[in-house]
Amino acid sequence: MAEQRESHLWKWLLCTPALLVLVLAASGPLFIVLAYSFLTPGTMGGVRWEFSTEGWFRVFLQRDIFDPDEVRWNQAHLTIFWRSISLSLQTTIICAVLGFPTAWFIATRPPHRRALWLFLITIPFWTNLLIRTFAIQELIRNNGTINTLLMRTGIIDSPIQMMFTDFAVLLGMAYVFMPLMVLPLYAAMDKLDFRLVEAGYDLYASRIKVLWYVILPLVKPGFIAGSILVFIPSIGAYVTPRVLGGGRTMMLGNLIALQFGQGRNWPLGAALAVVMLVIVVTTLVLYLRWANREGGQVRV
Amino acid sequence: MKDQTARDSVEIEITGLSKVFGQGAAAFSALSDIDLTIRTGEFFTLLGPSGCGKTTLLRVIAGFEQPSTGSLRINGREVAGKGPNARPVNTVFQNYALFPHMSVADNIGFGLKMLGKPRAEVAATTADMLRLVKMEEMAERKPAQISGGQQQRVALARALAPRPRVLLLDEPLSALDLKLRKEMQGELKRLQAETGITFIFVTHDQEEALTMSDRVAVMSAGRILQLGSPHEIYHAPRERFVADFIGDTNFMELPVARLEKGGAFVTLPGGSETRAELPEGLTPVIGEKVTVVIRPEQVQMAPPDAAEMTGTVESATFFGTDTHVHLRLSDGQGFILRRQNSARTEEPAPGAVMGLKLSPGALRVLRD
Ligand SMILES: Nc1ncnc2c1ncn2[C@@H]1O[C@H](COP(=O)(O)OP(=O)(O)O)[C@@H](O)[C@H]1O
Ligand SMILES: [Mg+2]
């Protein structure tokens, strides 16, 4: 008994450095952000230490310029919230749909070849995000590679507008975050016992049925991990929507950056950041609840 | 249970089958020249050391591997090119391969569900199968929550539920401890008798093969060396490998003295001549040495003057029901004798000279 308690204490001691980093580096700034959201904007940015709920008010609502008593929903903000959630969900789905066959392909290569394929998948991570995003821009802008090729071959007469659309943002995000889906999926497939797949075939299941009844349930933890890893950075994405979406397809990350920058409204920016956190946490909890009810192996 | 006509009809017919893995310099022939006929309703065993191709042959029959050459007919129909899901054959995998995310009942019902049987029928058959393997209480458990022996039963039930014509079992008992293994051996025989399904059973355990099978095929290096009843395989091995692999055997290199119809007289160490059975089609040259075999239990101790040959005791190992006596014959060859024990028999002392008598007809010449 005493021995057990001692080893318990020892475990906590071993955790202390990690806990310290977590508290100082993660929770600390979070509390600062929360505090700022209840202060008054300074004229040159920053905050004045005066309590105010104006920041939170303006997250969802706005006053009429001429009649300050007339209060309306802040339509622009709501649109951005919705676009962020919607584009992030779509990115996650695209990554899952394209990532599955990719991970499957890698997992079914001979073991000595897999390292190479995994390396190829992770190569984009070695390059600066901005550069990768500009590479995509180069591909899809009006006089970029794709449009030039299509026009040269006479398939189209005038360039297809791809830049500054939701499509561009989706393409960029799916490309950038794909490895975050492929790697956990691959890890799950690597652990998959392929004899179970054979057992499925042996018991009269067609390929589709083996996929549905055997493979998908078994690699589900990989899907769950991958979805979380893709969804969270998607919600907060800044560079990709900035470069590929421009001002017209702004996402939450851009809106927050705007408030801390040109907008010079730090309390509003801080409140928006908290809203983003709430969206992420809520989605995660709902998702994991659903996944668990469906018999997943991740516990909250 | 099994009627004679069904027994005589052919379930699986394999002709000229071979399987080569890899290509070019890395090509490896896992199966060569397999000709095999398996009868409906029999308990057929593939026996051989690890790596001899048993699993490969089973996988070819199941449809997981396509043969490189040759034909494979199941119930008269050529199945080459058909996948495992299009063959009336189910497999009990070596590691059971139960679906970890499904309950015991769902595992058992899987095959029927995939065949598109109505829910009620799936449920009814699953219940029958649970009863057959005595797992009714565990129906809702996950495979991780039951013991190895129970997983084994579930794997059997799962493979039997769709009522295949042939059940393939790849070393299904090798992971079980001895007591459980004996129990499951009996269980398997009972299930086979009750269902009448043809069983093809793979093992590297010769005792298991001998006790369970109607017929045994002994394999080595991708070939079938001998096929026959356990009795034939044990008592009339045709090749050294078969004799050596199955049970303890004495090999002796002895010169041929004269020939007789179906037999040869060989000169034993010490000079006396005795008759050895010849395998079909083998005619040894008089005066040259041949390899003869005799099982240790077919040799009796005798007073030296009434003996056919003599040996010096080197060691004796007591096994309870019998004692294994290791001897050195007068010409220096080693020899083992197995003696039945009773309360009054004494353990032979090392160094003692012992007379030996061979059971008539027990000595056989081998094809090397
Ligand atoms: N997919 C494969 N590729 C290459 N060689 C294989 C493959 N499967 C089996 N073999 C080889 O074939 C031989 C027979 O294997 P196997 O049938 O598993 O033997 P057993 O079941 O009798 O132990 C072994 O030498 C094994 O290495
Ligand atoms: Mg094997």
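Residues numbered from 1 in each chain as written. Chains lettered and ligands numbered in written order. Predicted model: local features only at pLDDT ≥ 70, side-chain atom pairs only at ≥ 80, totals over all residues. Heavy atoms only, no water.

## Side note on helix α2 (residues 54-62) of chain B
Turn by turn, an α-helix covers 3.6 residues, leaving residues three or four places apart pointing in a common direction.
Phase 1: The element α2(B) is extensively covered by neighbouring structure, given that 7 of its 9 residues are classed as buried.
Phase 2: Within α2(B), the full set of buried residues consists of K54(B), T56(B), L57(B), L58(B), V60(B), I61(B) and A62(B). (Buried < 20%, exposed > 50% of the residue type's maximum accessible area, 1.4 Å probe, protein only. Helix = DSSP H or I, 4+ residues; strand = E, 2+ residues; numbered from the N terminus.)

## Some details on the environment of A174(A)
Residue and element names in this part refer to chain A.
Phase 1: Position of A174 among the secondary structure elements: in helix α7 (residues 166-191).
Phase 2: Placed 76 residues apart in sequence, A174 and M250 show a C-alpha to C-alpha distance of 17 Å.
Phase 3: Ignoring sequence-local partners within four residues, the contact set of A174 consists of T91, I94 and C95. (Contact = heavy atoms within 4.5 Å.)

## Description of the site of ligand 1
Residues and elements named next belong to chain B.
Phase 1: Close contacts around ligand 1 come from F21, F28, A30, P49, S50, G51, C52, G53, K54, T55 and T56, and that covers them all.
Phase 2: A distance of 2.6 Å is found between an oxygen atom of ligand 1 and a backbone nitrogen or oxygen belonging to G51.
Phase 3: Between ligand 1 and K54, the relevant distance is 2.9 Å, taken from an oxygen atom to a main-chain nitrogen or oxygen of the residue.
Phase 4: Protein chains shield 60% of the accessible area of ligand 1, which is 560 Å² for the free molecule.
Phase 5: Considering each element in turn, the shell around ligand 1 owes the most residues, 3 residues, to α2.
Phase 6: For the shell around ligand 1, a count of residues per class yields 5 nonpolar, 5 polar and 1 charged. (Near = heavy atom within 4 Å. Polar contact = N/O pair within 3.5 Å; in protein donor to acceptor, adjacent residues only side chain to side chain. Areas by Shrake-Rupley, 256 points an atom, 1.4 Å probe, with all protein chains shown as cover. Nonpolar A, V, L, I, M, F, W, Y, C, P; charged D, E, K, R; others polar.)

## As for the domain arrangement of chain A
Residues and elements named next belong to chain A.
Phase 1: Domain annotation of chain A identifies domain 1 (30-73 + 265-300) and domain 2 (76-253).
Phase 2: Averaged C-alpha coordinates put domain 1 and domain 2 at centres separated by 29 Å.
Phase 3: Contacts between the two partners involve 20 residues from domain 1 and, on the opposite side, 15 residues from domain 2.
Phase 4: Summing both sides of the interface, domain 1 and domain 2 together bury roughly 1,500 Å²; the carbon and sulfur share of this comes to 83%.
Phase 5: The interface formed by domain 1 and domain 2 contains 0 salt bridges. (Domains from an automatic or database assignment. Buried area = accessible area lost by both parts, 1.4 Å probe. Salt bridge = Lys/Arg side-chain N within 4 Å of Asp/Glu carboxyl O.)

## What to know about the packing of helix α11 (residues 252-260) of chain A against helix α12 (residues 266-293) of chain A
Residue and element names in this part refer to chain A.
Phase 1: The N-to-C vectors of α11 and α12 enclose an angle of 160 degrees; their axes lie 7 Å apart at closest approach. With respect to α12, the element α11 is oriented roughly antiparallel. Both α11 and α12 take part in a crossing whose hand is left-handed. Of the residues in α12, those touching α11 at L252, L255, I256, Q259 and F260 are W266, L268, G269, A270, L272, A273, M276 and I279. (Axes fitted to C-alpha atoms, helices over the stretch in contact; angles between N-to-C directions. Parallel < 35°, antiparallel > 145°, perpendicular 65-115°, else oblique. Left-handed = near helix turned anticlockwise from the far one by under 90°.)

## Details of the interface of chain A and chain B
Phase 1: Contact with chain A, which involves 17 residues of that partner, is made by 26 residues of chain B.
Phase 2: Summing both sides of the interface, chain A and chain B together bury roughly 1,900 Å²; the carbon and sulfur share of this comes to 64%.
Phase 3: Contact with chain B buries surface across chain A, with D202(A), L203(A) and Y204(A) losing the most and accounting together for 42% of the total.
Phase 4: The tally of links between chain A and chain B comes to 1 salt bridge.
Phase 5: The salt bridge partner of R59(B) is E198(A), with a shortest N-O separation of 2.8 Å.
Phase 6: The interface formed by chain A and chain B includes 8 residue pairs in polar contact (both at pLDDT 80 or more).

## Overview of the packing of helix α9 (residues 207-235) of chain A against helix α3 (residues 104-114) of chain B
The description of two helices packed together rests on the angle between their axes and the distance between the axes.
Phase 1: Look at α9(A) against α3(B): their axes get within 12 Å of each other, and the N-to-C directions meet at 160 degrees. Judged by the inter-axis angle, α9(A) sits roughly antiparallel to α3(B). Classified by chirality, the crossing of α3(B) by α9(A) is right-handed. Note on element contacts: α3(B) touches α9(A) through F110(B), K113(B) and M114(B), opposite K209(A), Y213(A) and V214(A).
Phase 2: Split into classes, the residues belonging to the contact of α9(A) with α3(B) amount to 4 nonpolar, no polar and 2 charged.

## Comments concerning the pattern of salt bridges
Residue and element names in this part refer to chain B.
Phase 1: Under the counting rule described, the total for this entry stands at 32 salt bridges over all chains.
Phase 2: E65 is the partner of R59 in a salt bridge, and the nearest nitrogen-oxygen pair spans 3.3 Å.
Phase 3: Residue E65 is classed as buried on the basis of its relative accessible area, which comes to 18%.
Phase 4: The salt bridge partner of R338 is D248, with a shortest N-O separation of 3.3 Å. With R338 in strand β18 (residues 334-340) and D248 in the loop between α9 (240-245) and β11 (250-260), the pair connects residues that are 90 residues apart, well separated along the chain.
Phase 5: A relative accessible area of 22% places R338 in the partly exposed class.
Phase 6: The structure contains a network of salt bridges with shared partners spanning K134, R153, E183, E187, R190 and E194.

## Side note on helix α5 (residues 129-140) of chain A
Residue and element names in this part refer to chain A.
Phase 1: For α5, which comprises 12 residues, the first-to-last C-alpha distance of 17 Å matches the rise-based estimate of 16 Å (1.5 Å per residue) to within 8%.
Phase 2: By the burial criterion, the buried members of α5 are R132, T133, I136, Q137 and I140. Each buried residue of α5 sits inside an arc of 145 degrees when the element is viewed along its axis, so together they form one side.
Phase 3: Near the N-terminus of α5, the side chain that reaches the backbone nitrogen of L130, with its oxygen 2.6 Å away, is that of N128. (Expected span 1.5 Å × (residues − 1). Arc of directions from axis to C-beta.)

## Here's the deal with the packing of aromatic side chains
Phase 1: For the structure on display, the rule yields 18 aromatic pairs over all chains.
Phase 2: Both rings, one in F100(A) and one in W104(A), keep their centres 6.3 Å apart while their planes meet at 15 degrees; by these two values the pair is stacked. On the criterion of helical spacing, the pair formed by F100(A) and W104(A) is a turn pair, its members being 4 residues apart in helix α3 (residues 75-107).
Phase 3: Accessibility expressed as a relative area gives 13% for F100(A), which makes it buried.
Phase 4: W104(A) sits in the partly exposed class, given a relative accessible area of 23%.
Phase 5: Taken together through their ring pairs, the aromatic side chains of Y36(A), W49(A), F260(A) and W266(A) make up a single cluster.
Phase 6: Against the face of F99(B) rests R158(B), its NZ or CZ located 4.8 Å from the ring centre. (Phe/Tyr/Trp six-rings, centres within 6.5 Å; stacked < 30°, edge-to-face > 60°. Lys NZ or Arg CZ within 6 Å of the ring centre and 35° of its normal.)

## Focus: the nonpolar core
Phase 1: In this structure, I12(B), I14(B), L46(B), L57(B) and I200(B) are the most contacted members of the largest nonpolar core, which totals 71 residues.
Phase 2: With 13 residues, α7(A) is the single largest residue contributor to this core.
Phase 3: In contact with I200(B), other than residues within four places in its own chain, are I12(B), I38(B), F44(B), L46(B), L58(B), I61(B), V166(B), L167(B), L168(B) and L169(B).
Phase 4: One finds L130(B), L167(B), L188(B) and F201(B) within the second-largest nonpolar core, a separate group that totals 35 residues. (Core = buried A, V, L, I, M, F, W, Y, C linked by side-chain atoms within 4.5 Å.)

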